[in-house]
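Here's the letter readout for the chains.
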Amino acid sequence: MHHRGTNKIPAPSPARPELVKGAVSLSPEISILQIFTTFLLIGATSFGGGVVAYLRSSLVDKHEWLDDKTFVELLAMSQSLPGLNATNMAILVGDRLRGIAGAIAAILGICLPGAVLMYVAALLYRVHGDRPLATAGLKGVAAAAVGLILATTLQLGRKSFFHAADLVFVVLTVIG
Amino acid sequence: MKQIPALIRVFSYLSLLTVGGGMAAFPELKFLTVDVHRWLTFPQLIHLYGVGQMAPGPNMMMVVSIGQWVAGLPGAIVVLIAFFLPTALLTFIIGRLWTRLGKWRWRRSIQRGLAPVSIGLLLACCLTMAKGAVTGWVTAGIAVITFVILLRSRINPALLILGGAGVGLLVLRA
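Residues numbered from 1 in each chain as written. Chains lettered and ligands numbered in written order. Predicted model: local features only at pLDDT ≥ 70, side-chain atom pairs only at ≥ 80, totals over all residues. Heavy atoms only, no water.

**Here's the deal with the overall build of chain B**
Moving on, step 1. Helix and strand counts for chain B come out as seven helices and zero strands.
Moving on, step 2. Listing each helix as α and each strand as β along chain B from the N terminus yields α-α-α-α-α-α-α.
Moving on, step 3. The principal-axis extent of the C-alpha atoms belonging to chain B is close to 60 × 45 × 25 Å.
Moving on, step 4. For chain B, restricting intrachain contacts to residue pairs at least 6 apart in sequence, the fraction spanning at least 24 positions comes to 58%.
Moving on, step 5. Carbon and sulfur atoms make up 69% of the accessible area of chain B, which amounts to about 8000 Å² in all. (Helix = DSSP H or I, 4+ residues; strand = E, 2+ residues; numbered from the N terminus. Contact = heavy atoms within 4.5 Å. Areas by Shrake-Rupley, 256 points an atom, 1.4 Å probe, with all protein chains shown as cover.)

**Here we look at the overall build of chain A**
Moving on, step 1. Secondary structure assignment for chain A yields six helices and zero strands.
Moving on, step 2. The N-to-C order of helical and strand elements in chain A reads α-α-α-α-α-α.
Moving on, step 3. For chain A, the residues scored as buried account for 47% of the 176 residues in total.
Moving on, step 4. Considering only contacts in chain A between residues 6 or more positions apart, those separated by 24 or more positions represent 51%. (Buried < 20%, exposed > 50% of the residue type's maximum accessible area, 1.4 Å probe, protein only.)

**Some thoughts on the environment of A143(B)**
Moving on, step 1. For A143(B), the location among the structural elements is in helix 6 (residues 137–152).
Moving on, step 2. Residues A143(B) and L160(B) lie 17 residues apart in sequence; the distance between their C-alpha atoms is 10.0 Å.
Moving on, step 3. Apart from the residues lying within four places of it in its own chain, the contact partners of A143(B) are A143(A), V146(A), G147(A) and V134(B).

**Quick word on the packing of aromatic side chains**
Residues and elements named next belong to chain B.
Moving on, step 1. Scanning all chains against the criterion turns up five aromatic pairs over all chains.
Moving on, step 2. Ring centres of F26 and Y49 lie 4.9 Å apart, and the angle between their planes is 65°; on these two criteria the pair is classed as edge-to-face. Taken as a pair, F26 in helix 2 (residues 26–36) and Y49 in helix 3 (residues 42–52) lie far apart in primary sequence, 23 residues in all. Assigned by exposure class, F26 and Y49 land together as buried.
Moving on, step 3. Here a set of aromatic residues connected by ring pairs shows up, and it is made of F11, W39, F83 and F84. (Phe/Tyr/Trp six-rings, centres within 6.5 Å; stacked < 30°, edge-to-face > 60°.)

**Re the nonpolar core**
Within soluble globular proteins, side chains that are nonpolar generally end up buried alongside one another.
Moving on, step 1. Ranked by internal contacts, the top residues of the largest apolar core, which has 95 residues, are F39(A) and F11(B).
Moving on, step 2. In terms of residue count, the dominant contributor to this core is helix 4 (residues 85–128) of chain A (18 residues).
Moving on, step 3. When residues no more than four places from it in sequence are discounted, the contact partners of F11(B) are L29(B), T33(B), W39(B), V63(B), I66(B), V79(B), A82(B) and F83(B). (Core = buried A, V, L, I, M, F, W, Y, C linked by side-chain atoms within 4.5 Å.)

**With respect to the pattern of salt bridges**
Moving on, step 1. Tallied over the full model, the rule gives five salt bridges over all chains.
Moving on, step 2. A salt bridge links R96(B) to D95(A); the shortest N-O distance between them is 2.7 Å. Here R96(B) is found in helix 4 (residues 62–101), whereas its partner D95(A) is found in helix 4 on a different chain.
Moving on, step 3. Relative accessible area serves as the criterion here: at 25%, R96(B) is assigned to the partly exposed category.
Moving on, step 4. For D95(A), a relative accessible area of 3% translates into the label buried.
Moving on, step 5. Measuring nitrogen to oxygen at the nearest pair gives 3.2 Å for the salt bridge that ties D35(B) to K30(B).
Moving on, step 6. Each of R56(A), D61(A) and D68(A) takes part in a single network of salt bridges with overlapping partners. (Salt bridge = Lys/Arg side-chain N within 4 Å of Asp/Glu carboxyl O.)

**What about the domain arrangement of chain B?**
Residues and elements named next belong to chain B.
Moving on, step 1. Each assigned domain of chain B is listed with its residue range as follows: domain 1 (4–133) and domain 2 (134–174).
Moving on, step 2. A C-alpha centroid distance of 24 Å is found between domain 1 and domain 2.
Moving on, step 3. Of the roughly 470 Å² buried at the junction of domain 1 and domain 2 (both faces included), carbon and sulfur atoms supply 64%.
Moving on, step 4. Among the residues of domain 1 in contact with domain 2, Q53, M54 and A133 are the three that bury the most area, contributing 74% of the side total.
Moving on, step 5. In this structure, the connection of domain 1 to domain 2 is made through zero salt bridges.
Moving on, step 6. Between the two partners, domain 1 and domain 2, sit two residue pairs in polar contact (both at pLDDT 80 or more). (Domains from an automatic or database assignment. Buried area = accessible area lost by both parts, 1.4 Å probe. Polar contact = N/O pair within 3.5 Å; in protein donor to acceptor, adjacent residues only side chain to side chain.)

**Describing the interface of chain A and chain B**
Moving on, step 1. Taken together, the contact pairs 80 residues of chain A with 88 residues of chain B.
Moving on, step 2. Regarding the contact of chain A and chain B, the summed buried area is about 7100 Å², with carbon and sulfur atoms giving 76% of it.
Moving on, step 3. Where chain A meets chain B, there are one salt bridge.
Moving on, step 4. Summed over the shared surface of chain A and chain B, the result is 10 residue pairs in polar contact (both at pLDDT 80 or more).
Moving on, step 5. Sorting the residues of the side of chain A that touches chain B by element identifies helix 1 (32–45), helix 2 (51–62), helix 3 (68–80), helix 4, helix 5 (132–159) and helix 6 (164–175) of chain A as the ones contributing at least two each.
Moving on, step 6. At 26 residues, the largest contribution of residues to the side of chain A that touches chain B is made by helix 5 of chain A.
Moving on, step 7. Looking at the side of chain A that touches chain B residue by residue, the class counts come to 49 nonpolar, 22 polar and nine charged. (Nonpolar A, V, L, I, M, F, W, Y, C, P; charged D, E, K, R; others polar.)

As structure tokens, this is what we get:
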């Protein structure tokens, strides 16, 4: 499991300390702009909430910026920290590719399309939200969202191994 | 404009509650934006949240809509930064520490401990949402059907939300 060899690098550290092991391509050829556009594309196309799948297919399969093992490790870390998986992954991957600038480019890219869309949605909703037609559609949308969240919860619950003690925490969290 | 400091306070606090996903912060989001600050009504929040489920990218981009409502473009930008910067910084710092440790030893225990908490938070979110969104037989039906289809197939959830909109348009017109 240890990165053989890399642990034994002697004192003079590499010139780019921010390029951390785990990234397949340590090449500076990956430009900040490339990172931005890649995450922008993910941010613009990942409809339906499954951002992780879109991230994997882009970063691992298409661009080969990460190997699968690193992707899973970063994902596990994203999930155990506060913050959304998508933005945490953007930070971690961006940092590994090009340091702070890479992290900023990645998170801006992944957030921008959805943010612009929801900005426009807010404007439209303010003007047209009270129309009976819009209200009717939105009621349906909200009801479907409830089903979606419940399904997400159940799928998450299935994946985690449960002890009886865990259920106590579940209940306490709901009540709290 | 007067609301900008309040927006920063509320959304940077909510940022740290997004443990195990953005939805974890929903009950507190509802409490602070609807009950405390009265920036929008509960049905409005639920509508925006539902629309947000159709948007691509990170979940919870609907916070931008709230910022827009409260203080226009500056509000939207402020909310975006307040909601994403705190956790982004935390992740950045821990990400760097982790690589130095080689393998993050707490990871497994944190994940084990967090799983039941995030499931609980999701259920709480679901309950909060349902109270506002499930108002009759039709909406209950939409919720249940969406739920069942999602468990039984790998259909894109955004399509189901769109379907919900369609059913709403056809049936729920007052």
